[in-house]
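Observations on the three-dimensional arrangement
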Amino acid sequence: MTFDPRRLLGLALVASLLAVPALADTTQAKGDSQAASSDGAKKKSKKKKDELPPVSDVIDGMKEIDGVLTLYRKKDKLLALVPNDKLDSPMLLATSIAGGGFFTGWQWTDMMISFERHDKKLLVMTPDTLHVTKKKGPVSDAVQRTHPGQLVGTLPILAADPNRGVVVNLGSLYTRQAPALIGFLAEGRDPSLSRLRSVKNFPQNAEVSVDLVSRPKGLEHGDIITVHYSLSSLPKSSYVPRLADNRVGYFLTVARDYSSDYRDDTTFVRMVNRWKLEKADPELDLSPPKEPIVFYIEKTVPTRYRRHVRDGIEEWNRAFEKIGFTGAIEVRQQTETQFADLDPEDVRYNFFRWITSDSAFAMGPSRVDPRTGQILDADIIFDDSMLRYSIGSWDLLLEESISETLSEQDERFLRANPGWDARPRNENGSPKVQSPMAKAMELFAQNAKGHVHEPFGSGRSACMIGRGRTREMGIAALHMGLLTKETEDDDKGGSKEWPEEFIAQTIKETVMHEVGHTLGLRHNFKASSWRPMDAMSGAANTSITDLCGSVMDYNPVNVAPEGEEQGKYQMTTLGPYDYWAIEYGYTTTGKGDPKSDKEAMESCAARGAEAGHDYGTDEDVGFGDPLINRWDLGTDPLDYTKSRVALARRIRDDVVERIVDEGESYDSARGAVNTLLSTLGYACNLAAGHVGGTYFHRDHRGDPGARDPIVVVPADKQREALAILSDNLFHQNAFDIPSDLLRKLPPTRWAHWGSEAAWEAEAAFPFHDRMGSMQSWSLYRLLSPTTLRRVLDSEAATQEGEDAFTLPDLFGELSGTIFSELEKAPNGGHDNRKPYIASLRRNLQRNYVGRLIDLTLRENDPWYPQAARTQAWYELKQLQGKLDKATSGGSRLDSYSRAHLEESKERIARALDASFQIGG
């Protein structure tokens, strides 16, 4: 066989060509193998990435703290293991301000939350408890879709254990996400500067305190607040909610029940807020409770006051004894050794706390289960300033006094018509001077808009008792002569200390008031109309301890009229309303049967017409009932007005001797006179509230002794109120301050923090401005749109043949009183030192004419009834004729009076002409 190289090459080429597919297969197989290996690695890597690390990896080196959640702490880092059985379970997240500034000691927000897992995140949700259905079905599904709840925060899951739960950074929720939990107090805080102050963990609750720090801005200092977070379980309870009744005043937990019958008048379910209080032995007429309500008196309360605090708390046991409970409330004293480790912010304990914010107030908020209204926790705070009198800033006195009497409708009108507002205001309409408490309430109002977790939600009491309490303490101090060591009945010099009896009564009444809030009770500002004024003082009445129908009113200091023996200064026991309200809220039939309980409660609430059971609360103030007021006393507010005016005059006559010792500055006398004028103005404003007034009753049809819901204040009572205003406020010598006293009223000249008034106060006492402010205030009350509408509507509600107080009566009597000088011609003997119309009267008349002009020019105004505008126009016409007569011919007028009357004529003429042009 011959060797052919070409054949060899050919065979090699064929072989190479045949080998290509084999090479390709090999390469592909190798590639597939490599790809498979790579995909496997990726899958393995992805699987590792998807898997959460074990718990041990993230808690290494941290201290474990067992409790409701397992907590892990290392310095300022706080992790929490949320166990599987706590996922989707209701819990209560409550916040308190444990330190740092004005709000120290305040319960802040609370919300029911649940932890829900979403992939690698833990959602902090707050379920919707406001919209419910009692039955499963299509409506239930619709409600859940429409109201799914809200997201509070999110936490990345750091580790997981299938058998235990998931680990999250709880500290991040309490610092970085604090704005969602505590609102505006978290604004401007730097989470990186936050510090973990304390961590305590218990089987049912975890208590964590965190310092939140704000960075300084410019020359300002940064500040620190300590926020206490309490996270606790909300287990199912045998508690049976109690439905509310509008005749008895309780805080409410309210939900809409969409499974209610379509024949029901409302879908709202209103439940009273109350404690779960059950008899240990239902068969006993008088039994201890299974679990008493326990209050701890914090060790911060001064030792000398502790027994008065205890007396105020325990006084409520009298009401519980009447419904079969003995020892319903227990009081325990915290000391340096006893109960020393208990935290007031811990939701398991109810504390009475003493604070020093330099703003007089006391408060008794509580936390409730939002599903049932069951009270879970309550704390009372009492500011040290409550026991210090206030005789200070006129602007603050006027601002607070006026605000005490205004309804929300009044506030809306005054915001739209600032010219009618007698309160000192800045250019932007905000109050010129505010107390710290008033500023706090304003912040709350701003924060509450669109924020479901604002402070003072359901079950809370924004109690403003401190506003008037310091004014009352100031009047009491002036009355008792406590501000000077010189006393008439003690040659050696008196004492500036309060009498022990007075302090005991003041503390006890305030404590009783706040404990009432923690039991679920709202304010009752009609309770003071129970006893007549003459039954509170005098030799026969010194032992009367229940001056008022309820401690839930704002009760002023009871000062005996001159020459009468002093009775109790304050309430020292509960009133009849308090017993009745506790009976409604806490009585059970013995077996806890809701149906029989409901029948018993309906029978109880039907006794609203009984003496001492009248009820009117915050939203009723300023809406026409002259018996629903803060800081009045007695069956007839007009009697109280007369007594307070007489007291102010009595103190005025020797105010310098009462307040200024030898060697002391006179500047305290200025504050004293401010207080007296404020007292006069507030008392007269109570009288003004009778005009157009209607007594409001909550009685239901068929109740024993039921009254009409609306009863018009008798016409003669309205005229009496106007006469009191004329004699004590509008008259030239209504509250005359002698010239020698005016020369002894200098301003303070201390200019430092907390004493800014020195920069604004004029040296001379502004008597005309003071009186003008009070007159403007009362004129507003008489001529406000709400008053004029009430006068018009009350006339329609008065039966035919009965005396009615009408708009012509109101305008006619005002014009006759304010321009009484025009009823007689000037008879000579007047000059610029002794004018025909004195300066205070000229100011009042000018003010009144301005109000009439404003009313006349309000064509088709939405605020005022047209009849009031027409009547104002008519009064201007009448005044025009009288002014013509007073200035005509040879009338002998001084320069002041002639200029004033001529100008008034011109103003009226122009207004009448303008009114016809506006009206076409």
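Use the structure listed above.
First, a word on what this report is: a plain description of the structure on this page. (Residues numbered from 1 in each chain as written. Predicted model: local features only at pLDDT ≥ 70, side-chain atom pairs only at ≥ 80, totals over all residues. Heavy atoms only, no water.)

The terminal C-alpha atoms of helix α21 (residues 785-797) lie 18 Å apart, and with 13 residues this matches the ideal 18 Å at 1.5 Å per residue to within 8%. Looking at α21, one finds that the buried residues are P785, T786, T787, L788, R790, V791 and S794. (Helix = DSSP H or I, 4+ residues; strand = E, 2+ residues; numbered from the N terminus. Expected span 1.5 Å × (residues − 1). Buried < 20%, exposed > 50% of the residue type's maximum accessible area, 1.4 Å probe, protein only.)

What follows is about the sheet that holds strand β14 (residues 268-272). Taken together, the 3 strands give an open sheet; going across it, the order is β7-β13-β14, and neighbouring strands pair in mixed fashion. A strand with exactly one partner marks an edge of an open sheet, and here the two such strands are β7 (131-132) and β14. Bridging between β7 and strand β13 (residues 252-257) involves 2 bridges; their strand directions are parallel. Note on β13: the bridge partner recorded for H131 is R256. (Pairing = 2+ DSSP bridges.)

Turning to the sheet that holds strand β12 (residues 224-233), a few remarks are in order. With antiparallel pairing, 11 strands are arranged side by side in an open sheet as β1-β2-β3-β9-β8-β6-β5-β4-β12-β11-β10. At either margin of the open sheet sits one strand with a lone partner, and together these are β1 (63-65) and β10 (195-201). Averaged over all pairs of adjacent strands, the angle between their axes in this sheet comes to 30 degrees, without regard to strand direction. For strand β6 (residues 121-126) and strand β8 (residues 150-161), the ladder comprises 6 bridges, and the chain directions are antiparallel. The partner of L123 across the bridge, within β8, is T154. (Axes fitted to C-alpha atoms, helices over the stretch in contact; angles between N-to-C directions.)

A few words now on helix α13 (residues 576-586). Within α13, 9 of the 11 residues are buried, which leaves it mostly tucked inside the rest of the structure. Turning to α13, its buried residues are P576, Y577, D578, W580, A581, I582, Y584, G585 and Y586.

At a closest axis distance of 8 Å, the pairing of helix α23 (residues 839-856) and helix α24 (residues 866-887) adopts a crossing angle of 130 degrees. Considering their axes alone, α23 and α24 lie oblique with respect to each other. At the point where α23 passes α24, the crossing takes the left-handed sense. Residues Y848, V849, L852, I853, L855 and T856 of α23 form the contact with α24, whose participating residues are R869, A872, W873, E875, L876 and L879. Split into classes, the residues belonging to the contact of α23 with α24 amount to 9 nonpolar, 1 polar and 2 charged. (Parallel < 35°, antiparallel > 145°, perpendicular 65-115°, else oblique. Left-handed = near helix turned anticlockwise from the far one by under 90°. Contact = heavy atoms within 4.5 Å. Nonpolar A, V, L, I, M, F, W, Y, C, P; charged D, E, K, R; others polar.)

Attention shifts here to the pattern of salt bridges. Per the counting criterion, the structure on display carries 58 salt bridges. The partner of E399 in a salt bridge is R425, with the nearest N and O atoms 2.9 Å apart. In this pair, E399 is assigned in helix α8 (residues 394-403) and R425 in the loop between α9 (408-416) and α10 (436-448), connecting sequence segments 26 residues apart. A relative accessible area of 7% means that E399 is categorised as buried. Overlapping salt bridges, with partners in common, bring together E400, E404, R471, R522, D618, E619 and R630 in one network. (Salt bridge = Lys/Arg side-chain N within 4 Å of Asp/Glu carboxyl O.)

Bringing the pairing of strand β16 (residues 329-333) into the picture now. Of the two faces of β16, the one lined by I329, V331 and Q333 is fully buried and the one lined by E330 and R332 carries no buried residue. Where strand β15 (residues 293-297) and β16 come together, 5 bridges link them in parallel fashion. Residue V294 lies in a different strand from β16, and its bridge partner there is E330.

Another aspect to go through is the pairing of strand β4 (residues 91-99). Most of β4 sits out of view: 8 of its 9 residues are buried. Both β4 and strand β5 (residues 107-118) contribute to a ladder of 5 bridges, which runs antiparallel. Bridge pairing in β5 links M91 to I113. Summarising the sheet, β4 and β12 pair through 8 bridges and their orientation is antiparallel. By the bridge assignment, L93 is partnered in β12 with L231.

Here we take up empty space enclosed by the protein. One pass over the full model with this rule turns up 7 cavities of 30 Å³ or more. When its volume is computed, the largest cavity comes out at roughly 150 Å³. Lining the largest cavity are 13 residues, with R471, E472, R644, T679 and Y682 sitting closest to its centre. If you list the elements that add at least two residues to the lining of the largest cavity, you get α8, α11 (465-480), α15 (637-652) and α17 (667-688). (1 Å grid on protein atoms, 1.4 Å probe; cavity = no way out; pocket = protein on both sides within 12 Å on 5 of 7 lines; lining within 4 Å. Points joined across faces, edges and corners; volume = space filled by probe spheres on them.)

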